[in-house]
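Okay, here's what each chain looks like letter by letter:
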Amino acid sequence: MTHARSHNAHAALMSLEAAAASARGGFACMFSNSDEYETALITERPRAGPLREATHRWPALMFVGCALLIAGTVLLLK
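Residues numbered from 1 in each chain as written. Predicted model: local features only at pLDDT ≥ 70, side-chain atom pairs only at ≥ 80, totals over all residues. Heavy atoms only, no water.

### Things to note about helix H3 (residues 57–77)
Short version of the rule: Secondary structure elements are defined from DSSP: runs of H or I of at least 4 residues count as helices, runs of E of at least 2 residues count as strands, and each element is numbered from the N terminus. Each residue after the first adds 1.5 Å to the expected span of a helix. Residue burial is assigned from relative accessible area. The probe radius is 1.4 Å, only protein chains are included, and a residue is buried under 20% of its type maximum, exposed over 50%, and partly exposed in between.
Compared with the 30 Å implied by 1.5 Å per residue over 21 residues, the 30 Å span of H3 between its first and last C-alpha is a close match. H3 sits mainly on the outside: zero of its 21 residues count as buried.

Structure, rendered in structure tokens:
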């Protein structure tokens, strides 16, 4: 019985050590300094495609929507 317990404890300890090593590896950074990171970021951005900037139609649509909301409120309360 003691042998089985020590075997289970050893297996549990090995499992915990493996989990700890795996967790430590997840926090590792693949860049050694910020220059490498910035270089990789700059080269990756064009591959991701053009960024869609906010179109200039949104402010106009918001203005029209708010104007309709105010007009509807005024007509409803009148």
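Picking up where we left off.
### Focus: helix H2 (residues 34–48)
Test applied: A 3.5 Å cut-off defines polar contacts: any pair of N or O atoms within that distance qualifies, except that in protein one atom must be a possible hydrogen donor and the other a possible acceptor, and neighbouring residues in sequence count only when both atoms are side-chain atoms.
Here H2 contains 15 residues, and its C-alpha end-to-end distance of 21 Å stays within 8% of the 21 Å for a straight helix at 1.5 Å per residue. The opening residue of H2, the one whose side-chain oxygen lies 3.2 Å from the backbone nitrogen of Asp35, is Asn33.

### Looking at the confidence of the model for the protein chain
Selection criterion: Confidence scores labelled pLDDT are given residue by residue by the predictor and lie between 0 and 100.
On average, the protein chain scores 80 in pLDDT, and the residues at 70 or more come to 77%. At the low end of the mean pLDDT range in the protein chain sits helix H1 (residues 2–26), at 75; at the high end sits H3, at 92.

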